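An overview of the molecular structure
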Amino acid sequence: LLVHYPDEAVCDGAFLDGRYGECLRCNAGERGWARSGLILLSTFPRRWLCRRVAANVPRTEHVARRIALPRTRTIQHGISDPMEATGPLAPPHSVPAFAYVGRLVKEKGLVLLLRAVKRLATEGHRFRLSIIGDGPERESLEREAADLSLDGHVSFTGFLEGRELDAALAGVAAVVMPSTWEETAGLAAIEHMMRGGVVVAADIGGLGEVVGEGGIRFTAGDEAALAGALRRVLEDPRAGAELGRRARQRALERFGRRRMVDDYLALYDSLCP
């Protein structure tokens, strides 16, 4: 995850800088000294092998920079067009709705999201937020929502997929991805952009790279900036429609399945003359 413990900050690249003691201490806090030592030692043969393969393929340019391996060629995610099966997005709800989709873990920035929407509730905005997914932080997040008096605004659906997920996302004003760690890409963002939906995302790692100008990006970890981005969606629905159009155009150009397949075929052809 490239998260530095115990402060849960973004890792500053200690391993590649040769600060192995820092790596050992960082992982020991979460996994114990023995497990941390095993992780550190196993990283050396993994990188040794990766430096000798014909090609390394990261998902984003961000990952390519982070792993710093030779013979790297970035091939971005490719997915099928969900609108071919489900049609265009449903019209927006009468009460604007936001949604988060993903694991309920600390590095996803969900406490930040709850505190940002508390600002909107205090200002008198009408909205709903669905937190879709499950994970070890669910109970603490539910307590946080209750402590912030967000019972009428926030709901936890648990893990959803297929038609249930499509129904939960139908008509939402935006999918929100408030990550505080450097996401490698952000598949949930790609999927919603492909549907022509608005994405509000932390401008960090591969997530910010994927969303680009096809969504609203905010400084990772900045509660006020996240609240401002959500406020923009609530107060200017026409801008949201334009963002959705740009998001779909960007997704079709960059994240189509055919494009991904063609990129891999070109790579294989170059390696197997």
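This text follows the structure it describes.
This is a predicted model, so every value here is computed, not measured. (Residues numbered from 1 in each chain as written. Predicted model: local features only at pLDDT ≥ 70, side-chain atom pairs only at ≥ 80, totals over all residues. Heavy atoms only, no water.)

1. A look at the packing of helix 8 (residues 187–194) against helix 11 (residues 237–254)
Using the following cut-off: Every axis corresponds to a line fitted to the C-alpha atoms, with the helix fit spanning only the stretch in contact, and the corresponding angles, defined between N-to-C directions, vary from 0 to 180 degrees. Note on conventions: DSSP H or I runs of at least 4 residues are helices, E runs of at least 2 residues are strands, and numbering of each starts at the N terminus. Throughout this description, any angle smaller than 35 degrees is read as roughly parallel, any larger than 145 degrees as roughly antiparallel, any in the 65 to 115 degree range as roughly perpendicular, and the remainder as oblique. A crossing counts as left-handed when the near helix is turned anticlockwise from the far one by less than a right angle, and as right-handed when that turn is clockwise. Contact definition: two residues touch when any of their heavy atoms are within 4.5 Å. By the convention adopted, Pro, Cys, Tyr, Trp, Phe, Met, Ile, Leu, Val and Ala count as nonpolar, Lys, Arg, Asp and Glu as charged, and the other residues, Gly among them, as polar.
Running from N to C, helix 8 and helix 11 cross one another at 115 degrees; their axes reach a closest spacing of 7 Å. When the axis of helix 8 is compared with that of helix 11, the two are roughly perpendicular. The two elements helix 8 and helix 11 cross, and the hand of that crossing is left-handed. Two secondary-structure elements touch here, helix 8 through I190, M193 and M194 and helix 11 through A247, R248, R250, A251 and L252. Class assignment of the residues belonging to the contact of helix 8 with helix 11 gives a composition of six nonpolar, no polar and two charged.

2. Brief notes about the pairing of strand 6 (residues 174–177)
Just so we agree on the cut-off: Per-residue accessibility, obtained with a 1.4 Å probe over protein chains only, is compared with the maximum for each type, and a residue is labelled buried under 20%, exposed over 50%, and partly exposed between these values. Only strands that DSSP links by at least two bridges are regarded as paired with each other. Seen with the strands pointing away from the viewer, any crossover whose path from the first strand over the helix to the second strand runs clockwise is right-handed.
Burial along strand 6 is two-sided: A174 and V176 and V175 and M177, pointing in opposite directions, are all buried. Inspection of the sheet shows strand 3 (residues 97–101) paired to strand 6 by two bridges, in the parallel sense. Within the sheet, the bridge partner assigned to A99 lies in strand 6 and is V175. Strand direction decides the pairing type here: strand 6 and strand 7 (residues 199–202), joined by three bridges, are parallel. Bridging from a neighbouring strand, M177 pairs with A201 of strand 7. Regarding the hand of the β-α-β motif, the stretch spanning strand 6, helix 8 and strand 7 is right-handed.

The quantities given are spatial measurements derived from coordinates; they are silent on function.
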